[in-house]
Amino acid sequence: MSTEKFINCVVALQNKDMKALRMIYEAYYKLLRDTARGYVRNKEDAEDIAMTVIEKLCDYRGDPKKIVNHVGLLVRMTQNEAINFLHRSERAVCTESEVLATRACEQEDNLFYYDVLDLLDDAEKDIFIKHIVWDLTLKRIARDRGEAYITVKRKYKKIKDKIATLYKN
């Protein structure tokens, strides 16, 4: 969805047009859920966070015409909501074997994703999710982060090296 179309949908949402809500949901729900899951590592919690972000769009109080980067806005809203969720939740510390047992019980084959996220620090997770999940270019990520392109490119190479090391057998 283009930024202009997204802005039109937010304006329509402010006017209680539910067709716009459906368009935003269909276009971005999966990406919002996957981004949230990278932080909270729980499918149900990630789904709740994604829906919360979409609900917050319904109550968007700013001027939608001032939105320059709608994908960046959605990513930031999702990250903030996930971080708030983690702060609100009482997180129990569990042993590595409990984590592995929980992962083994999941029906989906997301071990690769979880293994990678376990390796990365927060800055690396941010770059990885934006590049792999949101399909943003490294140049765009660098611009959004206020960093030099070469710095982000080096960080991404470091991410790839960590992943390669994890799966070398």
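Just so you know, these numbers come straight off a predicted model, no measurement behind them.

(A) Spotlight on the nonpolar core. Judged by nonpolar contacts, the single largest core of 36 residues is most densely connected at Phe6, Ile24, Leu32, Leu74, Phe128 and Trp134. Of all elements in the fold, only α1 (3-14), α2 (18-40), α3 (43-58), α4 (70-88), α6 (111-119), α7 (122-133), α8 (138-145) and α9 (149-167) reach the threshold of two or more residues within this core. With six residues, the top contributor of residues to this core is α1. With sequence-adjacent residues up to four places away left out, Phe6 is seen in contact with Met1, Ile24, Tyr28, Leu57, Ile67, His70, Leu73 and Leu74. Membership of the second largest hydrophobic core comes to six residues, among which are Ala36, Ala46, Ile49 and Phe85.

(B) Here's a closer look at the packing of aromatic side chains. Evaluated as defined, the whole model comprises two aromatic pairs. Arranged with centres 6.1 Å apart and planes meeting at 90°, the rings of Phe6 and Tyr28 form a pair that is edge-to-face. Of this pair, Phe6 sits in helix α1 while Tyr28 sits in helix α2; the two residues are 22 residues apart in sequence, bridging distant segments of the chain. On the basis of an interplanar angle of 25° and a centroid distance of 4.8 Å, the ring pair of Tyr25 and Tyr29 is categorised as stacked. Remark: Tyr29 and Tyr25 occur in helix α2; sequence separation between them is four residues, near one turn of the helix. Since its relative accessible area comes to 12%, Tyr29 is described here as buried. The side chain of Lys139 reaches across the aromatic face of Tyr149, ending 5.4 Å from its centre.

(C) View of the environment of Ile49. Structurally, Ile49 is set in helix α3. For Ile49, the contacting residues outside a window of four places in its chain are Ala36, Val40, Thr78, Glu81, Ala82 and Phe85.

(D) Looking closely at α2. With 23 residues, α2 extends just 29 Å between its outermost C-alpha atoms, more than 12% less than the 33 Å of an ideal straight helix rising 1.5 Å per residue. The largest bend along α2 reaches roughly 50° and is located at Tyr28. Of the positions making up α2, those classed as buried are Ala20, Ile24, Tyr28, Tyr29, Leu32, Arg33, Asp34, Thr35, Ala36, Arg37, Gly38 and Val40. Arg41, located one to two residues past α2, shows a positive phi value of around 55°.

Conventions we followed
Residues numbered from 1 in each chain as written. Predicted model: local features only at pLDDT ≥ 70, side-chain atom pairs only at ≥ 80, totals over all residues. Heavy atoms only, no water. Core = buried A, V, L, I, M, F, W, Y, C linked by side-chain atoms within 4.5 Å. Buried < 20%, exposed > 50% of the residue type's maximum accessible area, 1.4 Å probe, protein only. Helix = DSSP H or I, 4+ residues; strand = E, 2+ residues; numbered from the N terminus. Contact = heavy atoms within 4.5 Å. Phe/Tyr/Trp six-rings, centres within 6.5 Å; stacked < 30°, edge-to-face > 60°. Lys NZ or Arg CZ within 6 Å of the ring centre and 35° of its normal. Expected span 1.5 Å × (residues − 1). Bend = angle between axes of the 7 residues up to and from the residue.

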